[in-house]
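Analysis of the macromolecular model
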Amino acid sequence: MSDGAGMTAVDVLIVGAGFAGIGMGIQLARRGRESFVIIEQAEDVGGTWRDNRYPGVSCDIPSHLYSFSFRPNPHWSRVFAEGREIHAYLRACVAEEGLEDHLRLNCALSEAQWSDDDARWLVRTTRGDFSAASLVIATGRLSEPKIPLIKNLDRFGGRWWHSARWNAKVSLVGKRVGLIGTGASAIQILPRLAAEASEVVVFQRSAPYVLPRGDREYSREEMERFAADPGTVTALRDELFAEAERGLGARQRRHPDIDLLRQRALDHLTASVPDPGLRARLTPDYEIGCKRILFSDDYYAALQRGHVRLEPTPLARIADGSGNVGASGSRTAIAAGGSSHELDVLVLATGFNSTRPSIAGHIRGRRSRLLGEEWSNGMAAHASTTVHGFPNMYVLDGPNAALGHNSAIYMIETQVGYVLSALDHLATSGADALDVTAEAVHSYMRDIDTMARDTVWVQGGCTSWYRDERTGRVTLLWPDSATSFRDRLATFTGVSYEHLHQRRHG
Ligand code: NAP
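What counts and how
- Residues numbered from 1 in each chain as written.
- Predicted model: local features only at pLDDT ≥ 70, side-chain atom pairs only at ≥ 80, totals over all residues.
- Heavy atoms only, no water.
- Helix = DSSP H or I, 4+ residues; strand = E, 2+ residues; numbered from the N terminus.
- Rg over C-alpha atoms; globule rule 2.2 N^0.38 Å.
- Buried < 20%, exposed > 50% of the residue type's maximum accessible area, 1.4 Å probe, protein only.
- Lys, Arg positive; Asp, Glu negative; His and termini not counted.
- Charge placed at Lys NZ, Arg CZ, Asp CG, Glu CD.
- Near = heavy atom within 4 Å.
- Polar contact = N/O pair within 3.5 Å; in protein donor to acceptor, adjacent residues only side chain to side chain.
- Areas by Shrake-Rupley, 256 points an atom, 1.4 Å probe, with all protein chains shown as cover.
- Nonpolar A, V, L, I, M, F, W, Y, C, P; charged D, E, K, R; others polar.
- Domains from an automatic or database assignment.
- Axes fitted to C-alpha atoms, helices over the stretch in contact; angles between N-to-C directions.
- Parallel < 35°, antiparallel > 145°, perpendicular 65-115°, else oblique.
- Contact = heavy atoms within 4.5 Å.

If you tally the helices and strands in the protein, you get 15 helices and 20 strands. In summary, the protein has a C-alpha radius of gyration of 24 Å against a globular reference of 23 Å for 506 residues, a match within 12%. Structurally, the protein occupies a C-alpha span of about 75 × 55 × 45 Å along its principal axes. Burial statistics for the protein: of 506 residues in total, 55% are counted as buried. Here the protein contributes 57 positive and 61 negative side-chain charges, whose respective centroids are spaced 5 Å apart.

Around the ligand, the structure places 25 residues, and the nearest of them are Asp60, Ser185, Arg205, Ser206 and Lys291. Contacts to the ligand include Ser185, whose side-chain N or O atom sits 2.7 Å from an oxygen atom. Within the side chain of Arg205, an N or O atom sits 2.8 Å from an oxygen atom of the ligand. Relative to its unbound accessible area of 910 Å², the ligand is 87% covered by the protein chains. Among the elements that make up the shell around the ligand, the one with the highest residue count is helix α4 (residues 184-196) (3 residues). Residues that form the shell around the ligand fall into these classes: 12 nonpolar, 9 polar and 4 charged. Mapped onto the domain boundaries, the shell around the ligand takes at least three residues apiece from domain 1 (7-143 + 354-500) and domain 2 (145-208 + 291-351).

Two elements in contact, helix α5 (residues 220-228) and helix α6 (residues 230-245), have axes separated by 4 Å at closest approach and are oriented at 105°. Relative to α6, α5 is oriented roughly perpendicular. For the pair α5 and α6, contact is made by Arg225, Phe226, Ala227 and Ala228 and by Pro230, Thr232, Val233 and Leu236, respectively. In the contact of α5 with α6, the residues fall into 6 nonpolar, 1 polar and 1 charged.

Below, the structure is given as structure tokens:
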């Protein structure tokens with residue numbers, strides 16, 4: 001694979017070994033397209049399931065749906081598997097699909113530069129240079145921790161960390177802990193945190209809608225049946241998928257769908273929280289579905305434990321020089337509402353930087369244009385996958401490819417199928433590269449705006465990571481059904497693409 005100048009030449013270079021990168025690699029390998037590498041900056045595969053090791057981490061999409069359709073797993077131990085079981089599944093995918101030889105771990109992309117002359121990508125990494133005909137960006141959208149502006153956080157005298165960078169070396173037993181945020185991560189963390197800490201303060205900026213989760217272990221008989229008859233796994237998956245798809249009606253603000261869903265969540269709140277004052281503070285002030293709906297059977301119970309308090313305003317600052325500051329810093333956390341809390345540990349379950357992926361600052365397309373510049377007004381791509389001026393580059397799990405109501409893995413598989421079709425098209429077209437036209441991107445984004453316009457994600461009166469904070473446009477989410485995404489990407493035609501030829505021959 002080396003060209004003799006220390007440069008490794010491959011057909012496809014995949015950046016990131018999470019669900020998307022692994023899925024792409026499996027499909028290339030299964031088709032006998034062996035000329036590819038997957039570079040991964042960490043020392044292990046698994047993406048979000050490698051990074052998120054907080055107590056209680058698990059998936060809120062049922063595992064038989066949140067797994068590759070082409071690698072069903074009859075052995076899922078429960079309806080909603082824990083993080084480490086999903087991580088083990090991904091590692092097994094890598095080992096059993098023969099991806100290990102293609103993996104370059106501890107290998108971070110430094111810069112990728114497109115060359116019109118060669119019709120190839122030059123990719124510099126921390127472990128050498130690559131030349132690739134095609135580049136697949138699979139770095140995820142929930143991989144860069146977001147640390148909110150909390151004044152004097154650097155002067156906090158205790159320890160603090162982000163939920164996706166869990167510090168397992170610090171025991172929380174007997175500690176006073178502040179949990180910042182009430183999103184999908186926080187509500188999984190709180191019950192475990194409350195079991196160890198002596199005091200917990202939950203800083204809530206917005207109350208979430210919570211539905212019962214209904215998790216349970218699969219019995220041995222069920223697992224044996226799944227293993228003996230793969231058809232039962234497929235049937236279960238189909239059922240789970242159809243059930244999730246039915247959730248779209250509420251997101252499109254259809255009646256009575258949205259009313260029934262809202263009522264279910266409010267009934268769950270009423271049944272779980274008898275105190276009207278606390279219930280009022282836990283009642284969202286925006287429409288259901290605008291932010292991701294959360295699923296939990298133990299969040300409300302944990303909030304009502306004697307040593308747990310809900311602070312209904314965000315953490316604003318750490319006290320400076322108020323008398324609580326020793327040589328080691330202050331332990332007084334002050335909420336926006338003015339109340340102060342003495343704390344030993346802060347856990348920031350404050351989400352991820354998803355609208356401005358940092359990798360976009362390292363990729364240069366035609367005329368050396370930076371992807372970050374191309375996306376300076378928000379991410380945009382044709383078919384949620386290709387970007388004008390960045391030939392033979394495919395972004396998985398990037399713009400408009402997330403779902404608020406169904407499985408991300410289905411979306412990834414759809415995009416992988418699209419990339420494979422593009423590679424097949426390129427191979428038979430006689431061209432060396434495909435560059436999507438600017439008009440195709442604009443037209444696709446116009447369709448996204450139209451689809452999103454009346455949905456709860458735009459009209460629901462909340463802020464969320466689904467939308468770009470600069471423009472308010474829905475740039476992360478596919479604002480329609482999962483099925484319609486697959487239909488839309490099912491046929492790859494070259495018409496939206498300029499066909500390029502390398503200028504330098506030989
Ligand atoms: P998130 O949904 O973005 O939630 C971040 C939370 O931090 C929000 O409640 C936010 O409040 C709050 N926050 C930010 N700054 C704050 C401050 N200064 N004080 C108080 N609160 C503050 O992040 P996440 O919970 O990590 O989840 C991100 C995504 O990851 C989810 O939407 C989901 O797609 C995925 N996820 C999935 C699972 C799963 O089981 N499948 C589990 C975890 C995460 P606002 O709401 O007001 O912004």
